[in-house]
Amino acid sequence: MPTAFFAVFWHNVFPYFQGLESPLTTHIFLKVENLAFERNDTVLFQPIDFELNAGVALQLEGVNGSGKTTLFQLMTGIFQPSSGQISYCGQSIDNCRYEYLYDVLYIGHQSAVKAALTVEENLRWMSPENTSYEKISAALDAVGLGEYQKIRCANLSAGQKRRVALARLMTSQATLWFLDEPLTSLDKQGVEMVEQCMSQHLKQGGAIVFSSHQDLAQVKTRSYGLEPYVEVA
Amino acid sequence: MANYLSGGFRSYLYRDLLLAVRDRSDLSKPLMFFLLVAIMVPLAIAPEASKLATIAPGLIWILALLATLLSIERLFSEDYADGSLEQLLINPNMLIMPILGKVTAHWLVIGLPLTILSPVIAIWFSLPTAAMIPMILSLALGTAVLSLIGAVGAALTLPRQGGVLLALLVMPLYMPVLIFGSATIQSAVDGLNWLSPLAMLAALLAVAIVLCPLAISAGLRIAKNG
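This structure is a prediction, so every number in the text was calculated from the model and none was measured. (Residues numbered from 1 in each chain as written. Chains lettered and ligands numbered in written order. Predicted model: local features only at pLDDT ≥ 70, side-chain atom pairs only at ≥ 80, totals over all residues.)

**Observations concerning the overall build of chain B**
Just so we agree on the cut-off: Secondary structure elements follow DSSP: runs of H or I no shorter than four residues count as helices, runs of E no shorter than two count as strands, and numbering proceeds from the N terminus. Computation of the radius of gyration draws on C-alpha atoms, with the globule rule given as 2.2 Å multiplied by the number of residues to the power 0.38. The contact rule is simple: place each C-beta atom from the backbone, and if two of them lie within 7 Å, those residues are in contact.
Counting secondary structure elements, chain B contains nine helices and zero strands. Expected size for 226 residues packed as a compact globule is a radius of gyration near 17 Å; at 18 Å, chain B falls within 12% of this value. Based on the C-alpha atoms only, the size of chain B along its principal axes is roughly 55 × 35 × 30 Å. Look at the contacts in chain B between residues 6 or more apart in sequence, and 82% of them connect residues 24 or more apart.

Structure (structure tokens):
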């Protein structure tokens, strides 16, 4: 009995004096409940349910066309779900759109890299508005594009373009990362770099949802499989 | 929270201007169209100063309208294709400012050069010099309205690249601008008060600046939602 009392104090009361969050009431960052999406009269996947805490990386798995990209677009509010709910820190994302999206970094399948702009200009407009020049060039050094700063992205390879988009991982201040196929067309060193970035982010209390067909070596992940929709009789 | 309203205007304006400067063929096409048609008209119709001066006010405005329409359909389609539109839509700030930034960039790249080129065409059509300043003012205001209204059409037709549908959608909305724009020049040619049609154009611009970004942001969301 005294030990139980002590445990409750230690875990639930004491942290409050330190301004820390109690581990028992750790807020769930992102909660997806019974999410379904219907397009052109076809239901895309079985209703989706998952929770995401700080420090967790969730890998979405599913065959091509199972709706991974659509799920990302639902989670970023680009699409409206046909039923179900997504909540962020206990609130529906429709009610706290600004706070939620401020905390989200989404790197899509199409990486939004403009071919006519240079590497540095691309990263600058994709980063938060007053990112310093030092931070941008440090991020480009980290993804191995330090010498290409003034080169237009039209002259880069597919993998290098991907690296430009992934350099945003270093300049962003968001805690929730949504990465749709971040490893496509990257070489071995590139994959390693992304993994390092991800584990660093998780250590700092961030959370990641990503889709990938290959397993990560360095980052511990949970996985969630998207199932094709089956009508219940 | 501070940049909820203002965030994104400058970065999108700057980016679109840079893109336009880098890809000069886009920039020059509508302007070349404007110049070429203007050069051909006197050759095809009679090169008499009196005849040309009567059709000039309407013709300059029709050309400006078509040149804007030709260029506006690409305003969002490239962003849609390369994924930057998604990034725009998940911007936590209001969509209005980035959109205004993009439309302003379009006006600076198309409307403003047209306005600056117009005196050359006015001389070519032997328009009276008294009509020169009203023409420049009306084009400066009017092309901004055309860009704003055209952007609504471009957003609504989005998954496809505008084309005929865009023209059908936008043309009726362009009519008031065309009427008051050419009326401004015509009144100046006739020696009447040209400030009142110009004021109507300015009023149209004021209304369009407020309402069009709302319509555009709604259109972009619908386009992405399929």
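Next comes the rest of the account.
**A closer look at the sheet that holds strand 11 (residues 222–225) of chain A**
The strands that make up a sheet are held in pairs by hydrogen bonds between backbone atoms, and each pair lies either parallel or antiparallel. All names here are of chain A. How we decide: The pairing criterion is simple: DSSP has to find at least two bridges between the two strands. Fitted lines through C-alpha atoms serve as axes, helices being fitted only where they are in contact, and the angles separating the N-to-C directions of these axes extend from 0 to 180 degrees.
Ordered in space as 8-9-10-5-11, the five strands form an open sheet in which the pairing is parallel. One side of each edge strand has no neighbouring strand; the edge strands of this open sheet are strand 8 (104–107) and strand 11. Each neighbouring strand pair of the sheet contributes to a mean axis angle of 15°, computed without reference to strand direction. Contacting strand 5 (57–61), strand 8, strand 9 (176–180) and strand 10 (207–211), helix 2 (residues 68–75) runs over the sheet at an angle of about 150° to strand 9.

**Concerning the domain arrangement of chain A**
Residues and elements named next belong to chain A. Spelled out, the test is: Residue ranges labeled as domains rest on an automatic or database domain assignment. Ten residues, namely Ala, Val, Leu, Ile, Met, Phe, Trp, Tyr, Cys and Pro, are considered nonpolar, four, namely Asp, Glu, Lys and Arg, are considered charged, and the remaining ones, Gly among them, are considered polar.
Partitioning chain A into domains gives domain 1 (27–103 + 177–189 + 207–233) and domain 2 (110–173). Placing the centre of domain 1 and that of domain 2 at their C-alpha centroids yields a distance of 25 Å. Tallying the contact residues gives five residues for domain 1 and four residues for domain 2. A class-by-class count of the residues in the side of domain 1 that touches domain 2 yields two nonpolar, two polar and one charged.

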